[in-house]
Amino acid sequence: MSVNQFPRLSSDRTKLPVTIGRIADFAHDPVVCMRRLWAKHGHLAALEEDSQRIYFIFGPEYNKQVLSDSQRFHSRFFALRGSKRSAQRRVSSGLLSMNGDEHKRHRRIAMGPFAKKAIVGYHDMVAQTSKEMLDTWQPGEVRDIDQDMTEYMLRLTCSILFGLDEPELALEIGKKTERWVALNHEIGPAAFIPNADLTERYEELLESAEELEKPIKEMLRLRRAGSSGRDVLSLLIQAHDEEGGISDDQLIGHIALLFGAAHLTSAHSLTWTLFLLSQHPQVMRELHEELSKQTSGNSPRPEQLDELTVLDRVLKESMRVLPASAYVQRVTAEPVDLGPFHLSPGSVVVFSQFMTHHLPELYDEPESFRPDRWRTINPSPYAYLPFGAGPRMCIGAALGMMQLKITLPTILGRYKLSLEEGAEVNARVMSTMLFPTSRVPMQIAPQDGDFTSSSVTGNIHTLVNLPPATSQARRAA
Ligand code: HEM
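These numbers were taken from a predicted model, which means no experiment stands behind them.

**Q** Account for the packing of helix α8 (residues 145–162) against helix α9 (residues 167–187), with residues named and values stated.
**A** Closest axis-to-axis distance for the α8/α9 pair is 9 Å, and the angle between their directions is 115°. Where α8 crosses over α9, the handedness of that crossing is right-handed. Residues Thr-150, Glu-151, Leu-154, Arg-155 and Cys-158 of α8 lie in contact with α9, whose contacting residues are Pro-167, Ala-170, Leu-171, Gly-174 and Glu-178. Here the contact of α8 with α9 is built from residues that sort into five nonpolar, two polar and three charged.

The following block contains the structure:
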């Protein structure tokens, strides 16, 4: 994240929706900071410290202006890019750091394998990999479901995106990606706030980028040594080998981004959905009935995916209330007006799926998990945007949804997952993503269709309204 100076202001500063505060507060807890700004100013706000500002947009009208205009509003996902020849520069050079014609060209190359038609080919791989994960689970044990979902998504991502069955290499890249993502988040503010501690830790970030680059290079070597396939890495390598194609450094950036973007967001979406279902036994019951009737507890076939309407509503609502991608930023490439503000080039604008999805004027009782609301609502792409919107919308959206729609029924067809009684579940937005920061311990039992919810503590209660546990009521009765 970086912020700019603001040379030109509207004539009457006092009327502008500006809060004077600490920009570090946003990095420290984005949700708390954004909620305060929204409560004070509504759909558009700025946070100002000394001569620096970050602009925040929460309403669909501003999302539309900013997200549909990729010429004026550029993507700059990583605040610290490192020097030209550094590993940090290479691993951060994927699509999210590209703009203009370069972005269009690379996006076109990378998108082919993610078109709706192409992803049907990955169906069996998802069903098979989820069954293999379940074969390692034992009824009676308690599992950290977020760790399971993360490892599962790493393995799946490795096979689908890179055509490789290398679980250990995938795990190594996954662990190193997570550390690198966390360091970017922690040290990123040093790009605009002088802070000796953070500057010292910059070396740590550079080392972590070098560590991440090693297994990525190994993956590239393995893929080049094997026969080329229809996976995205093969296509990127082919483009690299053609004239005017993709440079080696960009190839490394694409792999790092695809890996991080694909596995963490999908894993967290699965974890949050399983968690929300465990807290809403009535919804779980309805989903169980649909799955029993239509798939008899098996993985759904490709042609069944569109018919599972309860599953569709559950996923939409889970990604509304706890979106795996909680905010993203843009940087202005030229002067532009945004509401009452005149933004100069280099201004940082943050849009937030979490905030837009929780606006009471868009969603009745926004903090409640109510999949049934999707029977009657049909929000615009700028009012509901778990995958972003406009020309930079997630290229993996269809693949991501397909993975969720096969994995969840496969898990729930075999096992009943109940949150461990009294578990503490905490969450935090880091590097734009909504992560569980605690274990999410689930008791595994054979699926019997008899659902209760258990009590939960932790800061998850600040993000979503959870109904009282039904397990205690049943014990008392
Ligand atoms: C549930 C799963 C996922 C969620 C919630 C998600 C979310 C997002 C969001 C919000 C953006 C837009 C960022 C922006 O506006 O700057 C994005 C972009 C992107 N996502 Fe995903 N994503 C998911 C799965 C995937 C998968 C499976 C892939 C694998 C291909 C992927 C690859 C990408 C890439 C490459 C971009 C950058 C697109 C660009 O800048 O043109 N994502 N994702």
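**Q** Could you give an account of the layout of surface pockets, naming the residues involved and the relevant values?
**A** Roughly 590 Å³ of volume is contained in the largest pocket. The set of elements that each furnish at least two residues to the lining of the largest pocket consists of α6 (116–119), α14 (309–321) and α16 (397–414). At five residues, the largest contribution of residues to the lining of the largest pocket is made by α16. A class-by-class count of the residues in the lining of the largest pocket yields 16 nonpolar, two polar and six charged. If you add up the space inside the second largest pocket, you get close to 360 Å³. Contributions of two or more residues to the lining of the second largest pocket are made by α8, α9, α12 (248–279) and β14 (433–436).

**Q** Can you break down the sheet that holds strand β15 (residues 441–446) residue by residue, with the values?
**A** Spatially, three strands are ordered β6-β15-β11 in an open sheet, and the strand pairing comes out antiparallel. This sheet does not close on itself; its edge strands, each paired only once, are β6 (142–144) and β11 (415–419). Each strand axis lies, on average, 40° off the axis of its neighbour in the sheet, ignoring direction. The sheet strands contacting α16 are β11 and β15, and the helix crosses β11 at an angle near 95°.

Parameters and conventions
Along each chain, the written sequence defines residue order, and numbers are assigned to residues from 1. Totals for whole chains, interfaces and linings use every residue, but because this is a predicted model, local features are given only for residues with pLDDT of at least 70 and side-chain atom pairs only at 80 or more, for both listing and counting. Side-chain figures throughout are based on the complete set of non-hydrogen atoms in the structure, without hydrogens or water. As a rule, the C-alpha atoms of each element are fitted with a line to give its axis, helices using only the stretch in contact, and angles between N-to-C directions run from 0 to 180 degrees. Secondary structure elements follow DSSP: runs of H or I no shorter than four residues count as helices, runs of E no shorter than two count as strands, and numbering proceeds from the N terminus. In this scheme, a crossing is called left-handed if the near helix is turned counterclockwise away from the far one by less than a right angle; it is called right-handed if the turn is clockwise. In what follows, residue pairs with any heavy atoms lying within 4.5 Å of each other are defined as contacts. Residues are grouped as follows: nonpolar covers Ala, Val, Leu, Ile, Met, Phe, Trp, Tyr, Cys and Pro; charged covers Asp, Glu, Lys and Arg; every other residue, Gly included, is treated as polar. Throughout, the protein atoms alone are placed on a 1 Å grid, and a set of points is a cavity if a 1.4 Å probe fits but cannot get out or a pocket if it is open with protein on both sides within 12 Å along at least five of seven lines; lining residues have an atom within 4 Å of a point. Grid points are joined across faces, edges and corners, and a volume is the space filled by probe spheres set on the points. Strands are treated as partners if at least two bridges between them are detected by DSSP.

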